[in-house]
Amino acid sequence: MRAAVLHEIGQEKLEVLDDVEAVGFGPGKVRLRIRATGLCHSDVSAMSGILPQPAPFIPGHEGAGEVVDVGDGVSGLSAGDRVLVCWLPACGSCPSCRRGQTQLCLAGFMNAGTPNFKRPGGDVFGFAGTGTFTEEVVVGAGCAVPIPDDVPFDIAALIGCGVTTGLGAAINTAQVEAGSSVAVIGCGGVGISTIQGARVRGAAQIVAVDPVASRREAALRFGATEAVDPGGLADAKQRVTGGEGFDYVFEVVGKSATARTAYEHTRRGGTLCVVGAGAMDDHFQVNMFELFFDEKRILPSMYGGGDVLRSYERAIALWRAGRIDLESMITHRVRLEEINDALDQMRTGESLRTCIEL
């Protein structure tokens, strides 16, 4: 079958091959035919080495498709079911799951170290234990979440990661209050979803911050009340908040420099929500006096900061009701053989979300 493979960490291009085989099918597993998958910035971060991932590997974790076969012991799924891929399934029995923090379950991460593909030359890993830049993939049954018939595969794929992450940051983690002021730094697919989440929660002012003009224009269409480049954030802080700082600032880039900027533009007693996934050697620093004196809440948000199955259901309900716009987030559509064009579009900021159709 065909798949897009990164041979070594640090390479910028993927090679589309037709000699890849999905392996590992058996008890507790399902085989999926991928129909649509989104290109998420985390895929690029794994390719560059910012996020740890064994190589060679197949990127992609934001996918949707159909169940081809189910292994022994799998209940609630059967061949032909339409599903989205959950790259961080909850095991239901670990301490995090028992506390109700299923987004912190590490069971899914354990799968990332087990190859789920092979080629004539050896084993191939799937990113985050999945790997959706391929025609078929074998995953644990918990990674296959049924979707209603009225949800298209491309929409379901987005809900599988970017939409859930951004909406959840505003709704679950920060719990944006109605009438509040919000700034969102980084307006790719996750940032746009964060803006939509803040709008759903009733934020009065939402300032979008991004160096790319097309993304600033898009942010206005999705609910931002104004959009500025990074150099205009200080002026927006003065105009919108009288210089006090925003009630909520979301960092959706994954770098300590932008996290520090976000902290400085958060009001005393306000909330900095870190949504971007960054590198292990990139350290965010605050001094002990400001940490105590300003009483700013620093809240990381992992995969939307809540139960992902409930978050999927909420995203679908909001989309059905017209409260969020998911179709317009897909700015580019490509075939698998055009994946490197899609990577270039993401790196330059030309795209919000690219859908790879298989």
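Presented here is a report on the structure given in the accompanying data block.

Thresholds applied
- Residues numbered from 1 in each chain as written.
- Predicted model: local features only at pLDDT ≥ 70, side-chain atom pairs only at ≥ 80, totals over all residues.
- Heavy atoms only, no water.
- Salt bridge = Lys/Arg side-chain N within 4 Å of Asp/Glu carboxyl O.
- Helix = DSSP H or I, 4+ residues; strand = E, 2+ residues; numbered from the N terminus.
- Buried < 20%, exposed > 50% of the residue type's maximum accessible area, 1.4 Å probe, protein only.
- Contact = heavy atoms within 4.5 Å.
- 1 Å grid on protein atoms, 1.4 Å probe; cavity = no way out; pocket = protein on both sides within 12 Å on 5 of 7 lines; lining within 4 Å.
- Points joined across faces, edges and corners; volume = space filled by probe spheres on them.
- Nonpolar A, V, L, I, M, F, W, Y, C, P; charged D, E, K, R; others polar.
- Phe/Tyr/Trp six-rings, centres within 6.5 Å; stacked < 30°, edge-to-face > 60°.
- Lys NZ or Arg CZ within 6 Å of the ring centre and 35° of its normal.
- Disulfide = S-S within 2.5 Å.
- Pairing = 2+ DSSP bridges.
- Axes fitted to C-alpha atoms, helices over the stretch in contact; angles between N-to-C directions.
- Patch = residues over 30% accessible without salt bridge, like charges linked within 9 Å, V, L, I, M, F, W, Y side chains within 5 Å.
- Areas by Shrake-Rupley, 256 points an atom, 1.4 Å probe, with all protein chains shown as cover.
- Right-handed = clockwise from strand over helix to strand, strands pointing away.

## Focus on the pattern of salt bridges
Here the structure, examined in full by the defined rule, presents 19 salt bridges. Salt-bridge contacts for Arg35 lead to Glu66; the nearest nitrogen and oxygen are separated by 3.0 Å. Placement of the pair is Arg35 in strand E4 (residues 29-38) and Glu66 in strand E6 (residues 62-70), with a sequence separation of 31 residues. For Arg35, a relative accessible area of 30% corresponds to the partly exposed category. A relative accessible area of 25% places Glu66 in the partly exposed class. Overlapping salt bridges, with partners in common, bring together Asp154, Arg333, Arg335 and Glu357 in one network.

## Let's talk about the environment of Ile34
Within the secondary structure layout, Ile34 lies in strand E4. Under the relative-accessibility criterion, Ile34 is labelled buried at 0%. C-alpha separation for the pair Ile34 and Gly65, spaced 31 residues apart in sequence, amounts to 4.3 Å. Every residue in contact with Ile34, bar those within four places of it in the chain, is listed here: Ala64, Gly65, Val85, Thr132, Thr134, Glu135, Val137 and Leu358.

## Concerning the layout of surface pockets
Here the second largest pocket is characterised by a volume of approximately 150 Å³. Lining the second largest pocket we find Cys86, Pro89, Ala90, Thr102, Gly142, Ala144, Val145, Asp307, Val308 and Leu309. Only strand E11 (144-146) and helix H11 (308-320) provide two or more residues apiece to the lining of the second largest pocket. Broken down by class, the residue content of the lining of the second largest pocket amounts to seven nonpolar, two polar and one charged.

## Things to note about the packing of aromatic side chains
On inspection of all chains with the given rule, the structure shows four aromatic pairs. Measuring from centroid to centroid gives 6.1 Å for Phe57 and Phe127, while their planes differ by 50 degrees, and the two rings are tilted. One end of the pair, Phe57, is in strand E5 (residues 57-58); the other, Phe127, is in the loop between strand E9 (122-126) and strand E10 (136-140), with 70 residues separating them in the sequence. Assigned by exposure class, Phe57 and Phe127 land together as buried. A cation over a ring is seen here: Arg268 above Phe293, with NZ or CZ 4.3 Å from the ring centre. For Lys296, the ring lying beneath its charged end belongs to Tyr263, and the centroid distance is 4.3 Å.

## Quick word on the state of the cysteines
The full count for this structure, using the stated rule, is zero disulfides. There is no disulfide at Cys105, and the cysteine sulfur nearest it, in Cys91, is 3.7 Å away. Given the relative accessible area of 0%, Cys105 is considered buried. Among the cysteines around Cys355, which has no disulfide bond, Cys40 carries the closest sulfur, lying 14 Å off.

## Details of the sheet that holds strand E17 (residues 297-300)
Read from one edge to the other, the open sheet built from six strands follows the order E14-E13-E12-E15-E16-E17, with strand pairing classed as parallel. Looking along the sheet, the strands with just one partner apiece sit at the ends: strand E14 (226-228) and E17. Between one strand axis and the next, the sheet turns by 20 degrees as a mean value, whatever way the strands run. Where helix H9 (residues 256-264) meets the sheet, it contacts strand E12 (181-185), strand E15 (246-251), strand E16 (266-274) and E17, and its direction lies at approximately 150 degrees from that of E16.

## Digging into a nonpolar patch on the surface
A cluster of nonpolar residues, Leu104, Leu106, Phe109, Met110 and Met302, forms a patch on the protein surface that exposes about 460 Å² of accessible area. Along the chain, the position of Leu104 falls in the loop between helix H2 (95-98) and helix H3 (107-111).

## Considering the sheet that holds strand E8 (residues 117-119)
Reading across from one edge, E3-E8-E9-E5 is the order of the four strands in this open sheet, with mixed pairing throughout. The open sheet has two edge strands with one neighbour each: strand E3 (21-22) and E5. Pairing of E5 with E9 involves two bridges; the strand directions are parallel. Within E9, the position partnered with Ile58 by the bridge is Gly126.

## Comments concerning helix H5 (residues 162-173)
Counting buried positions along H5 gives twelve out of twelve residues, so the element sits mostly inside the fold. Every buried residue belonging to H5 is among Gly162, Val163, Thr164, Thr165, Gly166, Leu167, Gly168, Ala169, Ala170, Ile171, Asn172 and Thr173, and all of these are buried. A positive backbone phi angle near 50 degrees is found at Gln175, which sits one or two residues after H5.

## Considerations on the pairing of E16
Sheet topology note: the E15/E16 ladder contains five bridges and is parallel. Across the sheet, the residue bridging to Glu251 is Val274, located in E16. Between the parallel elements E15 and E16, the chain passes through H9 in a crossover that is right-handed.

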